[in-house]
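# Descriptive analysis of the structure
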Amino acid sequence: MSSASEQEARQQGELGAARTERAPRPGATGHGGAPQAAPGAPASGVNGRPRRVRAPEPEPSPVWPGTPEPLGARFKDAAHTVDGVAGTNFALWAGGAEAVELCLFDEDGRETRHPLTELTHEVWHGFVPGVLPGHRYGYRVHGRWDPWTGARWNPAKLLLDPYARAVDGDFRLPAEVYGHVRDWPQQHVADTVRDERDSAPHVPKGVVVADDDDWSDDRRPKTPWPDSVIYELHVKGFTMRHPDIPERLRGTYAGLAHPAAVGHLRRLGVTAVELLPVHQFAHEDHLLRRGLANYWGYNSIGYFAPHSGYAASGTRGQQVGEFKRMVRALHAAGIEVILDVVYNHTAESGELGPTLSLRGIDNRRYYRLQPDPRRYADYTGCGNTLHVVQPNVLRLITDSLRYWVTEMGVDGFRFDLAAALVRTMRAVDGPDMLSPFLAVIAQDPVLRRVKLIAEPWDVGSGGYQVGAFPPLWTEWNDRYRDAVRDFWRGALPDVRDLGYRLSGSSDLYAWGGRRPYASVNFVTAHDGFTLRDLVSYERKHNEANGEGNRDGTNDNRSWNCGVEGETADARVTALRRRQTRNLLTTLLLSTGVPMLVAGDEMGRTQGGNNNAYCQDNETGWVDWSLLDDPGWRNLAGLCSRLLALRRAHPVLRSRSFFSGRPRGADGLRDLAWFTPGGTEMTEADWYAPTATLGMYLSGRDIPQRGRRGAPVTDESFLAVLHAGPRALRFTLPGPPWAESYELLVNTALEDQHTAPGLRREGGSRISVRARSVLLWRVVRDGSELASTTEDLRLKDE
């Protein structure tokens, strides 16, 4: 690109100078700006003798040297400074920069720029007296503009501090916030033409926040992994339509802390909420142009700041306190807080994206670049990938994680596209489980003690890493999701894979000391169909997203029960509700850590949209009126009942993998599998086509001891899963497995209150309705048996 072209771009883009006041440069002038006398010039005095002149006092600098640690803006009151002056220390890592200006904004939005002259180990720093909590700020970073080598410094762009702990304002994306001329006529070289317009009026600012909380009154639940039940929710979507939450609190951290929201979580019986991203995020330009927004928030730009859009109390630092109060309220109810975090990419996108923060600080060391450094290496599908191997990037991530644990009270993290974080210097070689990121986490005294969940894939070559993450880590197990979906829609050729998934996925996780709770089992997640839509749609219906229904996966593994979408057909509706009960029951009876999605327990629907990331409306929000429908209310009741069973019985949440071997003279196994004929499955049975599986869990042989070393024993259970389209007869295993059985759950029934209490002798042939689950408790004494009359009619469906 010629210099003439660049000059033309600047002229085309200029809007005029912003209102700024530059701080005087120390030592440039004397008092009042008058020039100093020339060195050696005589001063007149009495009788012509030279007058002794006292050297003028140097004008105090508005920025003191300060310290390079910690990074970010840290306020210190007068009692905690050497000079007894309150103010804020600012420190920014900008390794390749030529100069850095701290920009402070007053209440009217006027900007004052202060050059930071102190540079220590690539950190620019200074202490500004009188800057108090609530003050807004940003940075301008000077350096070369040379996109061909990856250098994209542009001091016309106000940059958000990567360590800002609060953000005030919304990210809009007019042309001024782009470091290059966004609308340059020749788009193929647009990213090489620097835009000289000031972005400050159009971007949010960081906010100075006080450190005023030691968490001494908080009690973390510290729920062990095997006892955990995760509930994935969106702060706004979960609370926005709740009738018992005051309207002014809906969609906010305070709304989630409200007793009505916390009460539902407690009644349900979950132990942790996994919050969709709450780091400050920005909306993509293509969404804003269509009148939409990034609802899910997987577009982070501030890794220390709680998203200001979810705050009811204010955005000048109040959002920090509101988030902390939410965490306290959940902790008081025994519920942990896990954050879904997006450290794999940022909202700055690729070379045609906006310049908001990291790109303008040091593009070449924050992002992975291609061999052509104009271009970004994209292993995330979002335009860029953070270069986690770089020490400054690794520090940014780990500092952020520690901050959310120690100062914001959270209990763990789910890492979006975690495989992108473990790619080493040559990212094309694929993820490496000996990467610096995993090594740092493993030795960190804070982070190695919290819950760590990997989404174990990214979109790059070799990115699928399910089962590969090391001990300390749990993983989203999409192989569990696929096997369970396929079984209940009749698409599994046999039940081999299902057996592994129900029993903890030992084929994936029984190595390196990992346990069954390394598998986070899920049937649905925020990404994809809801549970109700999974049994109502076979095709995605994402037209409202404005992308021609091209977005979202086509591999839904769903079954609509014969009709696409909502229907008034009572038979289809009844079958769909039964299928939701089947899927939910299977999930909560499986070994591993179950994850539910907010609203699935009450039949939430997105109208077949399997990618509602931009639906910040009724499509994406939980509809609490569904609990007024007896059918969906019964589903919520079944969920609570199953979670109570799981909580009461350690055999349903095993801490170790089953051996499947006989443990006593009677030949009982800790885990056994049965055919419909009541016989133990052989090797050939595992390969034979079948839609029915019996799973026996022995509570007598749990490989676990209590706190004082005593063996842990429990009751035994038999689960019968039948996905076939017709009813069948199943023979209950007799002695030594059981003398008799008591029925606890029957998903063929809409109301589970009619199921408990029924008993059958071991060896009895029972009726199993089409597409249903029966959960039986083993009864040893055989007393009070019901008659041998069939409890359910056989009926072809």
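Residues numbered from 1 in each chain as written. Predicted model: local features only at pLDDT ≥ 70, side-chain atom pairs only at ≥ 80, totals over all residues. Heavy atoms only, no water.

Turning our eyes to something else, we now look at the packing of aromatic side chains. Taken as a whole and judged by the stated rule, the model has 32 aromatic pairs. Note on F90 and Y137: the rings are 5.1 Å apart at their centroids and 65° apart in plane angle, and the pair reads as edge-to-face. With F90 in strand β3 (residues 87-93) and Y137 in strand β8 (residues 136-142), the pair connects residues that are 47 residues apart, well separated along the chain. Both residues of the pair, F90 and Y137, count as buried. (Phe/Tyr/Trp six-rings, centres within 6.5 Å; stacked < 30°, edge-to-face > 60°. Helix = DSSP H or I, 4+ residues; strand = E, 2+ residues; numbered from the N terminus. Buried < 20%, exposed > 50% of the residue type's maximum accessible area, 1.4 Å probe, protein only.)

Attention now goes to the sheet that holds strand β25 (residues 717-722). With antiparallel pairing, six strands are arranged side by side in an open sheet as β23-β24-β25-β30-β27-β28. Looking at the sheet topology across the chains shown, the edges are occupied by β23 (671-674) and β28 (759-761). In this sheet, neighbouring strand axes are inclined to one another by 25° on average, regardless of whether the strands run parallel or antiparallel. Sheet topology note: the strand β27 (residues 740-746)/β28 ladder contains three bridges and is antiparallel. Across the sheet, the residue bridging to E742 is R759, located in β28. Helix α14 (residues 570-589) rests against β24 (692-697), β25 and β30 (772-779) of the sheet, and its axis sits at about 40° to β30. (Pairing = 2+ DSSP bridges. Axes fitted to C-alpha atoms, helices over the stretch in contact; angles between N-to-C directions. Contact = heavy atoms within 4.5 Å.)

Read around the closed barrel, eight strands run β13-β14-β17-β18-β19-β20-β21-β22, paired in parallel fashion. With strand direction ignored, the average angle separating the axes of adjacent strands in the sheet is 30°. Summarising the sheet, strand β14 (residues 272-275) and strand β17 (residues 336-341) pair through four bridges and their orientation is parallel. Across the sheet, L275 pairs through a bridge with L339, a residue of β17.

Turning next to the nonpolar core. Counting 167 residues, the largest nonpolar core has F415 and F437 as the members making the most contacts within it. Looking at which element gives the most residues to this core, the answer is helix α8 (residues 391-406), with eight residues. One finds L668, F674, Y696 and L718 within the second-largest nonpolar core, a separate group that totals 19 residues. (Core = buried A, V, L, I, M, F, W, Y, C linked by side-chain atoms within 4.5 Å.)

Summarising the element assignment, H242 is placed in the loop between α2 (235-239) and α3 (253-257). Setting aside chain neighbours within four positions, we find H242 in contact with R250, A260 and W624.

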